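# Chain and residue survey
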Amino acid sequence: MKMRNKIAALALCGAMTAAALPVCPVQAADSLTYEFEDGKTDGGKIHTEGWKGNTAEDGTGDDYDLTGFSGTGFSYLDQKGTTVSVEVDVPAAGLYRMNLRYCEPYDPNKKVQYLNINGVNQGEVCFPYCTEFRDMESGVVMLQKGKNTIEFKAYWGYTFFDSLTLTPAPESVSSLSPTRTLSNPNASESTQRLYSYLCDNYGKHILAGQQEYCGDHNYNLYADPTNFIKDNEVEFEYIKETTGKTPAIRGIDFLAYNSSDNWDDHAAERAAQWVTEYGGIATVTWHWNVPSEQDKVGINDLAFYVESANPKYTTFSVKRALTEGTWENERLLADIEYIAKKLQILEDADAPVLFRPLHEAEGAWFWWGAEGAEPCKELYRLLYDKLTNEYGLDNLIWVWTSSTYETSANWYPGDDVVDIIGYDKYNCTDGEANLSAISSTFYSLADSTNGQKMVAMTENDSIPSLENLENEKAAWLWFCPWYQNYLTSEQNNPVASLKEIYNSEYCITLDELPDLKTYPISTVQPDPTDPTKPASTEPTNKPTEPTGDKPASLCGDVNEDGDVTILDVIVLNKNLMVGEPLTEQGKKNAITIVGGTDPTPTDALNILKYVVEIIPELPVE
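Not measured: the values here are computed from a predicted model.

What follows deals with the packing of helix α5 (residues 267-276) against helix α7 (residues 327-348). Viewed as axis vectors pointing N to C, α5 and α7 meet at an angle of 20 degrees, and their least axial separation amounts to 9 Å. Overall, the two elements α5 and α7 adopt an arrangement that is roughly parallel. Read as a crossing pair, α5 and α7 show a hand that is right-handed. When α5 is examined against α7, the residues A268, E269, A271 and A272 are found in contact with a partner set consisting of K342, I345 and L346. Residue composition of the contact of α5 with α7, by class: five nonpolar, no polar and two charged.

Below you can see the structure in the form of structure tokens.
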């Protein structure tokens, strides 16, 4: 165990960091409703009367009706930068589901606004088009006991706000107890070990990740043909020079891989080398390039954007690609076969990978999401079936990149083909870093699968600050800034904040990863009534092969999980200080002094000394 871990553990005697525990569920049963006309606005308007109208001045648009409001009126969020807000008063600190009553008659698609809680940005809320006031489930927010300010700041603006209702979020959202079973029942042993490690650290730590600058930059490859990583290190060298650390997770893009292009940027080899030689974790995304037209298949005629998003675009149709006999279908299947060969390089190297295909689909700027949710889900499930069942790739942990919109559930491919939920965060504005942990976004995503899937920040600009991660209790599994300016500019990631998070006890870097080839596999579901009990029956910081059944008794094993860790110190201190009960066996195990009769603070200190290797064994004379 590292010395800094010993020091930190000593400082934790009898206490826990806020980020190390799941959020306690709110016990209140009643809902609370607030009217926006009773709130405030900066640059917007508060109306006390409703009216009917048409979305076009000449009357050729849609008719809308603003007379069906509740209370005595409603507020209006005008152009970008304006705000509307209400002050809420809740009986207990914790997580609340938020329902908004609104009307958005001006954009046939949607309007998106920033959500701020007590002056801190918590992500975005999407308001679909509607021509009269309607209710919408709008995610989960974390509130402190007493008064809180919930504010909407115009990103796209032009939205009417009627009322806001809060109800306590279910315990499944706050417990951070995801399923311990991968979607692929035939997942390789190494893949299961990696997943167990991620589960064991979920809610306790955040893993540091970094996206590499895509493409082949191995200028010295001919001189050193076995080192694929050597010259792809601009971002990683910057982090090392700035923080003294190296990310645990390497983000790699399979951008270059498609069936009509022979250029190979060795992305698969880099991923395999990162896992096998560096001992790191690889996450792979795939900007899936396809021909812009049927007869254009050269490298200069490939794209993944649609016309509305980029001048270099494709008209490739996902619906036609799913139709047997079309040229798009032939191309689709050829590309899947090609990507399977590249992923096979990782499986042959026994390298598990966090695989993130069809990302940001709901944004509709990529071809795979441009024709709506249903064909996108069908494509995802086809890709899953082909890679898993036909090509037999058992080294993939499947990551679905989601949003927190009302429509996001329609895009979800299904629990049976998804292992982790991802979110791509880009919320820096006005040239300033946004160090918020966006806990409302995190818990809304956790809520989307009833807490069954872990949630990660799969792309981002600013890394949330350590202080915000702890204060907001946002248990992101990992972060992964995009390359170049997204990492290195002060307006995205201030140097001081980067140093702090990378050198914190909460953040796991490459040097702190265990040997993931021997990490214990556990499919045991944790006890949701006791968050101090880990799911694994083996120590998460000392990865060894399972040794059989738990012993009937073990000195220092206060929580009876078969191992002596810092959790036992915490459980014993909670018993000594606030009277939380122990089992009879737990009491016996807590006695560390030969001849002792009842647990004492000295026992807690002895267990701590044993955990951090200051004393060699328990009990003590």
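Inspection of the entire model under this criterion finds four cavities of 30 Å³ or more. L115, Q122, G123, E124, V125, S138, G139, V140, T404, S440, T441 and S444 are the residues that line the largest cavity. It is strand β10 (residues 120-128) that contributes the most residues to the lining of the largest cavity, four residues altogether.

Below, the discussion takes up the sheet that holds strand β9 (residues 110-117). Ordered in space as β2-β7-β12-β9-β10, the five strands form an open sheet in which the pairing is antiparallel. A single partner strand is all that each edge strand has here, and the edge strands are β2 (40-42) and β10. Pairs of neighbouring strands in the sheet enclose a mean axial angle of 25 degrees, with direction left out of account. Pairing of β2 with strand β7 (residues 83-90), which is carried by three bridges, proceeds in the antiparallel orientation. Paired with K40 across the two strands is S85, which belongs to β7. Across the sheet, helix α10 (residues 439-448) is in contact with β9 and β10; its angle to β10 comes to roughly 55 degrees.

What follows concerns the confidence of the model for the chain. In the predicted model, the chain carries a mean pLDDT of 88, and 88% of its residues have values of at least 70. Low pLDDT, under 50, characterises residues 1-21; the stretch is placed with 43 contacts to residues that sit more than four places away or in other chains. Low confidence marks residues 531-552, where pLDDT is under 50. Its contacts with residues over four positions away, or in another chain, come to 48 contacts.

What follows is about helix α16 (residues 601-611). Along α16, the residues that are buried comprise D603, A604, N606, I607, L608 and V611. In the stretch just after α16, E613 is the one whose phi turns positive, near 70 degrees.

In a soluble, globular protein the nonpolar side chains are often hidden away together inside. In this structure, F254, W367, L387 and W476 are the most contacted members of the largest nonpolar core, which totals 113 residues. Those residues in contact with W367 that lie beyond four places of it in its chain are W288, V290, A303, F304, V306, T314, F316, V318, L332 and L379. Of all hydrophobic cores here, the second largest spans 25 residues; its members include V90, L100, A154 and F161.

With that settled, consider the pairing of strand β22 (residues 454-460). With seven of its seven residues buried, β22 lies for the most part within the structure. The pairing of strand β21 (residues 420-425) with β22 spans six bridges and is parallel. Each residue of the ladder has a partner; that of K425, found in β22, is N460. Taking the sense of rotation as the criterion, the β-α-β connection linking β21, α10 and β22 turns out right-handed.

Moving on: the packing of aromatic side chains. Under the definition given, this model contains 43 aromatic pairs. Ring geometry for F254 and Y257: centres 4.9 Å apart, planes at 65 degrees, overall edge-to-face. Taking the centre distance of 4.7 Å and the plane angle of 50 degrees together, the rings of Y384 and W398 count as tilted. With Y384 in helix α8 (residues 373-390) and W398 in strand β20 (residues 396-401), the pair connects residues that are 14 residues apart, well separated along the chain. Grouping aromatic residues by their ring pairs yields a cluster made of W286, W288, F304, Y305, F316, W327, W365, F366, W367 and W368. One cation-aromatic arrangement involves R250 over F236; the distance from NZ or CZ to the ring centre is 4.3 Å. R250 extends its terminal NZ or CZ atom over the ring of W274, reaching a point 5.2 Å from the ring centre.

Bringing α8 into the picture now. Because each turn of an α-helix spans 3.6 residues, side chains separated by three or four positions in sequence point in the same direction. In this model, α8 (18 residues) spans 24 Å end to end at C-alpha, consistent with the 26 Å of a helix rising 1.5 Å per residue. Of the residues making up α8, those classed as buried are A373, P375, C376, K377, L379, Y380, L383, Y384, K386, L387 and T388. Its buried side turned inward, α8 meets α6 (318-321), α7, β19 (353-356), β20 and α9 (408-411). Phi turns positive, to about 65 degrees, at G392, one or two residues after α8.

Looking at where E235 falls in the secondary structure, it is placed in helix α4 (residues 234-243). Within the buried core, E235 has no salt-bridge partner, and the shortest N-O distance to an opposite charge, that of R250, equals 7.0 Å. Among the polar contacts listed, one links the side chain of E235 to the backbone nitrogen of Q484, at a separation of 3.0 Å.

Time to look at the packing of α4 against helix α13 (residues 495-502). Remark: α4 packs on α13, axes separated minimally by 9 Å, with the N-to-C direction vectors making an angle of 85 degrees. By the angle between their axes, α4 is roughly perpendicular relative to α13. Taken together, the residues of α13 that come into contact with α4 (itself represented by Y238, I239, T242 and T243) are V495, L498, K499 and Y502. Its residues placed into classes, the contact of α4 with α13 shows five nonpolar, two polar and one charged.

One number sums up the size of the second largest pocket: a volume of about 1000 Å³. Lining the second largest pocket are 39 residues; nearest its centre among them are Y114, E124, Y155, Y426 and N427. Secondary-structure elements contributing two or more residues to the lining of the second largest pocket are β9, β10, β12 (146-154), β20, α9 and β21. Here the residues of the lining of the second largest pocket are counted per class, giving 15 nonpolar, 15 polar and nine charged.

Cut-off values and rules
- Residues numbered from 1 in each chain as written.
- Predicted model: local features only at pLDDT ≥ 70, side-chain atom pairs only at ≥ 80, totals over all residues.
- Heavy atoms only, no water.
- Axes fitted to C-alpha atoms, helices over the stretch in contact; angles between N-to-C directions.
- Helix = DSSP H or I, 4+ residues; strand = E, 2+ residues; numbered from the N terminus.
- Parallel < 35°, antiparallel > 145°, perpendicular 65-115°, else oblique.
- Left-handed = near helix turned anticlockwise from the far one by under 90°.
- Contact = heavy atoms within 4.5 Å.
- Nonpolar A, V, L, I, M, F, W, Y, C, P; charged D, E, K, R; others polar.
- 1 Å grid on protein atoms, 1.4 Å probe; cavity = no way out; pocket = protein on both sides within 12 Å on 5 of 7 lines; lining within 4 Å.
- Points joined across faces, edges and corners; volume = space filled by probe spheres on them.
- Pairing = 2+ DSSP bridges.
- pLDDT = per-residue confidence, 0-100.
- Buried < 20%, exposed > 50% of the residue type's maximum accessible area, 1.4 Å probe, protein only.
- Core = buried A, V, L, I, M, F, W, Y, C linked by side-chain atoms within 4.5 Å.
- Right-handed = clockwise from strand over helix to strand, strands pointing away.
- Phe/Tyr/Trp six-rings, centres within 6.5 Å; stacked < 30°, edge-to-face > 60°.
- Lys NZ or Arg CZ within 6 Å of the ring centre and 35° of its normal.
- Expected span 1.5 Å × (residues − 1).
- Lys, Arg positive; Asp, Glu negative; His and termini not counted.
- Salt bridge = Lys/Arg side-chain N within 4 Å of Asp/Glu carboxyl O.
- Polar contact = N/O pair within 3.5 Å; in protein donor to acceptor, adjacent residues only side chain to side chain.

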